[in-house]
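# Fold and contact review
Each chain, letter by letter, is given below.
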Amino acid sequence: SSSRVFAGELYGTGGGGYSSWFDFDNSNNQVQDNPERHDYNVDQYVDQFIQHAMAQAADTQTDHQLWASGTDFNYQNAEHWYHNLDKLIHYVNQNGTVNAF
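In short, a report on the structure. (Residues numbered from 1 in each chain as written. Predicted model: local features only at pLDDT ≥ 70, side-chain atom pairs only at ≥ 80, totals over all residues. Heavy atoms only, no water.)

### Structural notes on the overall build of the protein chain
Broken down by element type, the protein chain carries two helices and zero strands. When burial is assessed residue by residue, the protein chain has 29% of its 101 residues classed as buried. Residue pairs in contact within the protein chain that sit at least 24 positions apart in sequence constitute 65% of those at least 6 positions apart. Working note: accessible area of the protein chain is about 7,200 Å², and carbon and sulfur atoms make up 46% of it. (Helix = DSSP H or I, 4+ residues; strand = E, 2+ residues; numbered from the N terminus. Buried < 20%, exposed > 50% of the residue type's maximum accessible area, 1.4 Å probe, protein only. Contact = heavy atoms within 4.5 Å. Areas by Shrake-Rupley, 256 points an atom, 1.4 Å probe, with all protein chains shown as cover.)

So this is what it looks like as structure tokens:
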């Protein structure tokens, strides 16, 4: 049949999903992309993102992934969260291993 039902639990869910390591709720937790800073960490975030994307790809039957992230109160500082998420998506796409959007 040409139609399929997408049903089931989202990968990465359960008490926070991907926000268990995408923890941008605290102002100390951020994607730091200035290599002159002591807390430069963009490479670690990109590597972790790619590892998780590849792990999910091994467990799903589609080329597209939907990542569940967070619980009800994870995004109280939305500007900080989305600023860091935008940085992460930018650097993941620069890497070229996976395409994030």
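Here the narrative resumes.
### Observations regarding the side chain of Gln-32
Within the secondary structure, Gln-32 sits in the segment before α1 (42–59). On the basis of relative accessible area, Gln-32 is assigned to the buried category, the value being 9%. A polar atom in the side chain of Gln-32 sits 3.3 Å from the backbone nitrogen of Asn-34. Ignoring any residue separated from it by four or fewer positions in sequence, one finds Gln-32 in contact with Arg-37, Asp-39, Tyr-40, Asn-41 and Val-42. (Polar contact = N/O pair within 3.5 Å; in protein donor to acceptor, adjacent residues only side chain to side chain.)

### Things to note about the nonpolar core
One finds Phe-22, Phe-49, Leu-88 and Val-92 to be the most contacted residues of the largest nonpolar core, which totals 15 residues. The set of elements that each furnish at least two residues to this core consists of α1 and α2 (78–95). Looking at which element gives the most residues to this core, the answer is α1, with six residues. Beyond its immediate chain neighbours, meaning those up to four positions away, Leu-88 contacts Phe-22, Val-31, Tyr-45, Val-46 and Phe-49. (Core = buried A, V, L, I, M, F, W, Y, C linked by side-chain atoms within 4.5 Å.)

### As for the side chain of Asn-41
Within the secondary structure layout, Asn-41 lies in the segment before α1. Setting aside residues no more than four positions away along its own chain, Asn-41 makes contact with Gln-30, Val-31 and Gln-32.

### Topic: α1
Between its first and last C-alpha atoms α1 spans 26 Å; for 18 residues at 1.5 Å apiece the expected length is 26 Å, and the two agree. Residues of α1 that are buried: Val-42, Tyr-45, Val-46, Phe-49, Ile-50, Ala-53 and Gln-56. Each buried residue of α1 lies within a common arc of 130 degrees when the element is viewed along its axis, so the set occupies one face. Pointing more than 90 degrees away from the buried face of α1 are the exposed residues Gln-51, Ala-58 and Asp-59. (Expected span 1.5 Å × (residues − 1). Arc of directions from axis to C-beta.)

### Overview of the pattern of salt bridges
Summed over all chains, the structure comprises two salt bridges. Note that Lys-87 and Asp-33 form a salt bridge whose closest N and O atoms lie 3.5 Å from each other. Highlighted residues: Lys-87 in helix α2 and Asp-33 in the segment before α1, separated in sequence by 54 residues. Using a relative accessible area of 26% as the deciding quantity, one classes Asp-33 as partly exposed. The partner of Arg-37 in a salt bridge is Asp-39, and the shortest N-O contact between them spans 2.9 Å. The partly exposed category is assigned to Asp-39, whose relative accessible area is 27%. (Salt bridge = Lys/Arg side-chain N within 4 Å of Asp/Glu carboxyl O.)

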